[in-house]
Amino acid sequence: MIKSLEGFKGMESMGLKIKNILITGAPGIGKTTLIKKLYEELRDFHPVGFYTAEIREKGIRKGFELISLDGKRGLLSHADIKSSFKVGRYSVDIDGFEGFLDSIKLEHASGIVIIDEIGKMECLSQRFRTLIRGILNSQRLVIATIALKGSGIIVEIKRRDDIRLFEMTKSNREPLLSGILKDVKRLLW
């Protein structure tokens, strides 16, 4: 397994500019599950970041919760809160999301940053858009999920020349973990 982030240069040493790994795919395909597995495999590097989880009440999805890799929790969206920011039937708690981001200090991470996800709800936050651009432009290794569809910053990020974009499908779900870990090894060594 990978042992050190010392000397991380991305794939520049191999003549490539790649240093950010993004995973996209249809909703419900398993991107968050993959992010959690990647975190477990890379845990020794003390990555910083977060993933999202559904909030369910009586079996019905009511919103989304944010969970940092060190266990902090915050609300991203809910069908029963009031907000002028909406995606579908969910109101997005921008102030709560930005407070959560401040609490996990992504901009001060020195190693791997893991983000689930760069999506429509998250991108309603100017603070998040600024933060994600800064992190992607930094020397840190970023592993993130990104919405399959979207506009604005989602398209901008997918067009960057320093990313490797994996599209998760039903047929590649299982081997994708080992494929991404191979890329991470190449990025770190």
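Below is a short write-up of the structure. Since the structure is predicted, the reported quantities are computational estimates derived from the model, not experimental observations. (Residues numbered from 1 in each chain as written. Predicted model: local features only at pLDDT ≥ 70, side-chain atom pairs only at ≥ 80, totals over all residues. Heavy atoms only, no water.)

Let's talk about the overall build of the protein chain
Short version of the rule: Working definition: helices are DSSP H or I runs of at least four residues, strands are E runs of at least two. Numbering for both runs from the N terminus. The atom set for the radius of gyration is the C-alpha atoms, and the globule formula is 2.2 Å times the number of residues raised to the power 0.38. When accessible area is computed with a 1.4 Å probe and restricted to protein chains, residues below 20% of their type maximum are described as buried, those above 50% as exposed, and intermediate ones as partly exposed.
A count of helical and extended segments in the protein chain gives five helices and nine strands. The C-alpha atoms of the protein chain give 16 Å as radius of gyration, which agrees with the globular expectation for 189 residues (16 Å, within 12%). Across its three principal directions, the C-alpha atoms of the protein chain cover 50 × 35 × 30 Å. Looking at the 189 residues of the protein chain, the share that counts as buried comes to 48%.

Quick look at the packing of helix 1 (residues 31-42) against helix 5 (residues 173-188)
Quick note on the threshold: Angles shown run from 0 to 180 degrees and are taken between the N-to-C directions of axes, each axis being a line fitted to C-alpha atoms and, for helices, limited to the stretch in contact. Working rule for angles: under 35 degrees goes down as roughly parallel, over 145 as roughly antiparallel, 65 to 115 as roughly perpendicular, anything else as oblique. A clockwise turn of the near helix away from the far one marks a right-handed crossing, whereas an anticlockwise turn of less than a right angle marks a left-handed crossing. For this analysis, residues touch if any pair of their heavy atoms sits within 4.5 Å.
Interhelical geometry of helix 1 versus helix 5 gives an angle of 45 degrees and a closest axis separation of 11 Å. Looking at the two axes, helix 1 sits oblique to helix 5. Considering how the two elements wind past one another, helix 1 and helix 5 form a crossing that is right-handed. Along the contact surface, helix 1 presents Leu34, Lys37, Leu38, Glu41 and Leu42, while helix 5 presents Leu176, Leu177, Ile180, Leu181 and Val184.

Side note on the pattern of salt bridges
We apply this condition: A pair is scored as a salt bridge if a Lys or Arg side-chain nitrogen falls within 4 Å of a carboxyl oxygen belonging to Asp or Glu.
Counted according to the given criterion, the structure contains twelve salt bridges. The shortest N-O distance in the salt bridge between Asp183 and Arg186 comes to 2.0 Å. Placement of both Asp183 and Arg186 in helix 5 is noted, with a separation of three residues, approximately one turn of the helix. We classify Asp183 as buried; its relative accessible area is 1%. Among the charged side chains, a salt-bridge network with shared partners connects Glu54, Arg56 and Arg61.

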